[in-house]
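# Per-entry structural report
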Amino acid sequence: MKKILSRIFLLLLFSFVFFAAQSQQRFPKPEFESGYEQPTPTTPEPRSAGMEWADVFVLLAVLSMASWLAIKKRSRKGMIWLSLFTLIYFGFYREGCICSIGSIQNVALAFFDSGYKLSLTVLAFFLLPLIFALFFGRTFCAGACPLGAIQDLIVINPVSIPSWVRKTLDFFPYVYLGFAILFAATGTDFIICRYDPFVGIFRMNAPYIMILLGVAFLFLGMFFARPYCRVFCPYGVLLNWMSKFSKWHMTISPAECIKCKLCEPSCPFDAIEIPVNEKERTESSVRKNLKRFSFYLVLIPVWILAGGFALSKAHVFLSRANPTVYLAEILITHPELKTDTENLDIQTFLESGKSMQELVEEATLIRNKFRRGGWYLGGFLGLVLGIMIMNQFTMRKQEIYEPHKGNCFSCARCIDYCPVEKKK
Amino acid sequence: MAENKKLDRRDFIQKGARITLGASLAGIGIAAATKASAEKYVWQIDPFKCTQCGRCATDCVKNPSAVKCVHAYDLCGYCDLCGGYFKPGANKLETGAENQLCPTAAIERRFIEEPYFEFIIDEELCIGCGKCVKGCGAFGNGSLHLQIRHDLCDNCNECAIARVCPSDAISRIPASQAYIIKGNFTETQES
């Protein structure tokens, strides 16, 4: 009985609070006499989580199919059909979003921001292609990546790029990867998604400049095959590492290579390793190379320090990409902008009741992250550069024609050029 | 014999590197999985933080924007002189285009009974500019507010309007709480 009484009391109290609050409404809700029925606002559901897992399943299926096509079936034709499917499904149907390349940023942010919730499906998109690359090579690039697919299908008249240009361009994906992680980890921006040149085409909708960029990439891609993959793709860096040590990589020849050279021009990506003439390897050249190799090996710490120093010095400039830092800085350097009613960011900040000191503290925290991040990023890029230069003076032993396991996209073009029959 | 040895060494390096890479991949995977959530995340506008700057209409990757005005009828005063519908200083309280605040005439004004009018948002026409929201908030009860409509939203990895939102009103939340529909006035008071 007591319980019921207390409940009634509580109910009364609640309704009192409710009506007291309601009375503060400027215009109370009318009581209709005409039998008007008030509609309720609709809340259309987002795409279900189950569908997201279906995407993971499709990715898994496509990856398996691509690996089978490259390694077992050895069929270029099959690969073309598969990449067409990928282009339609992950490209035009899923509109390029949820993609392994962009997932790097989610994973990076999850490590640096404890408040960030990483979706398991995104983690799966990040890990699956890398695991496959570790066993089968970059079959993701060949068949499961919509960005790769759209570029692969328009390779019309690829030209061979001189090796020094290629090796220089090899450095850029590392830069892109490094900056993407820096910007994601500091909670500044997802540059991979923002500057994805093809997502505008998949969505048939993007800022004018991004569509232009996408079309420019496609046009360039007719001659310089897969420009995004080779010069920019940050995920390609990780795939390259995995694929370099892959267990079963696609081979050009189904049996023993007869060094007929027929496959040499078949690769639009210059990813075929050509046999090295052993006769050129004299004792003096070996010694000279070894000397240079050791010199550049010793130089690596210098590169690391120089890179770290340079980028940590650039942290003030880099951190301006962060909206909070930018706002704080502009308010300090141009206080007169506070009266600029056109500047939405400044006006909203002034109205928000947040104090200038709070903003500056927040901005300083982010800027310090950039300084620390600059050291790591610069050091990493210095290391990569140092290793790349050092590697110029390694003596490779190459006896047969085979794909460069790191750079090869496993697109299976070269397979059709090989005259060797499979041993029965 | 020497050839064999060399091959063995190469194999060994390959295998060692493969195991190292595999292990680090597993490490990253497990470490990330501890921070992961099985739930799907979507973008949401908090109407109590929103300042109707108008960027939802211009910066969303969808054109027209996936942000639409939502009418919380519970809050509506059904005013004849609706601050969300009419321009300040409108000539007449009628549906002429010159009187309307909405640039796309996406609000339908329907007579119910003296002196009440119902206002209905046509989402096909709404561009999410928030002009009506601002008007309703300034002169009325604030029953109009902006929400991301999840049947239209692409759920981009990084929401383009979240990035430019000056009031940090847009955040990532579990899909089970995808909407904040202003209910009754008490909620407004609480927050």
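Structure: above.
The sections below set out a description of the structure shown in this document. (Residues numbered from 1 in each chain as written. Chains lettered and ligands numbered in written order. Predicted model: local features only at pLDDT ≥ 70, side-chain atom pairs only at ≥ 80, totals over all residues. Heavy atoms only, no water.)

### Focus: the nonpolar core
- Judged by nonpolar contacts, the single largest core of 107 residues is most densely connected at A:Ile101, A:Leu118, A:Phe198, A:Tyr228 and A:Tyr235.
- The element contributing the most residues to this core is helix H5 (residues 120–136) of chain A, with eleven residues.
- In contact with A:Tyr235, not counting residues within four places along its chain, are A:Ser100, A:Ile101, A:Ile104, A:Phe125, A:Phe126, A:Pro129, A:Leu130 and A:Phe140.
- Residues B:Cys50, B:Cys102, B:Phe119 and B:Cys136 belong to the second largest nonpolar core, which totals 31 residues. (Core = buried A, V, L, I, M, F, W, Y, C linked by side-chain atoms within 4.5 Å. Buried < 20%, exposed > 50% of the residue type's maximum accessible area, 1.4 Å probe, protein only. Helix = DSSP H or I, 4+ residues; strand = E, 2+ residues; numbered from the N terminus. Contact = heavy atoms within 4.5 Å.)

### Quick look at the pairing of strand S5 (residues 116–121) of chain B
Residue and element names in this part refer to chain B.
- The element S5 is extensively covered by neighbouring structure, given that five of its six residues are classed as buried.
- Relative to S5, strand S4 (residues 107–113) runs antiparallel, the two sharing six bridges. Counterpart to Phe111 in the pairing with S5 is Phe117.
- Between S4 and S5, which follow one another and run antiparallel, lie two residues. (Pairing = 2+ DSSP bridges.)

### Things to note about helix H18 (residues 344–352) of chain A
All names here are of chain A.
- Where H18 is concerned, the buried positions are Ile346, Gln347, Thr348 and Phe349.
- Contacts made by the buried residues of H18 are with helix H17 (323–333) and helix H19 (356–391).
- At the N-terminal end of H18, a side-chain oxygen is found 3.2 Å from the backbone nitrogen of Asp345, two or three residues along, and the residue is Asn343. (Polar contact = N/O pair within 3.5 Å; in protein donor to acceptor, adjacent residues only side chain to side chain.)

### Overview of unusual backbone geometry
- In this model, B:Asn63 is joined to B:Pro64 through a cis peptide bond whose omega is 0°.
- With respect to the secondary-structure elements, B:Pro64 resides in the loop between helix H2 (55–59) and strand S3 (67–71).
- With an omega dihedral of -5°, the bond running from B:Glu114 to B:Pro115 counts as a cis peptide bond.
- Relative to the helices and strands, B:Pro115 is located in the loop between S4 and S5.
- The backbone phi angle of A:Ala412 is positive, close to 75°, even though this residue is not glycine.
- You can see A:Ala412 is positioned in the segment after strand S3 (402–403).

### Some thoughts on the pattern of salt bridges
- According to the stated counting rule, one finds 25 salt bridges over all chains in the structure shown.
- When the shortest N-O distance is used, the salt bridge between B:Lys40 and A:Glu52 registers 2.9 Å. Placement of the pair is B:Lys40 in the loop between strand S1 (36–37) and strand S2 (41–45) and A:Glu52 in helix H2 (residues 49–73), with the two residues belonging to separate chains.
- Judged by its relative accessible area of 10%, A:Glu52 is buried.
- A salt bridge links B:Arg109 to B:Asp80; the nearest nitrogen and oxygen atoms lie 2.7 Å apart. Here B:Asp80 lies in the loop between S3 and S4 and B:Arg109 lies in strand S4, a separation of 29 residues in the sequence.
- Accessibility expressed as a relative area gives 13% for B:Arg109, which makes it buried.
- In the salt-bridge network here, residues are joined through shared partners; they are A:Arg47, A:Glu52, A:Asp55, A:Arg94 and B:Lys40. (Salt bridge = Lys/Arg side-chain N within 4 Å of Asp/Glu carboxyl O.)

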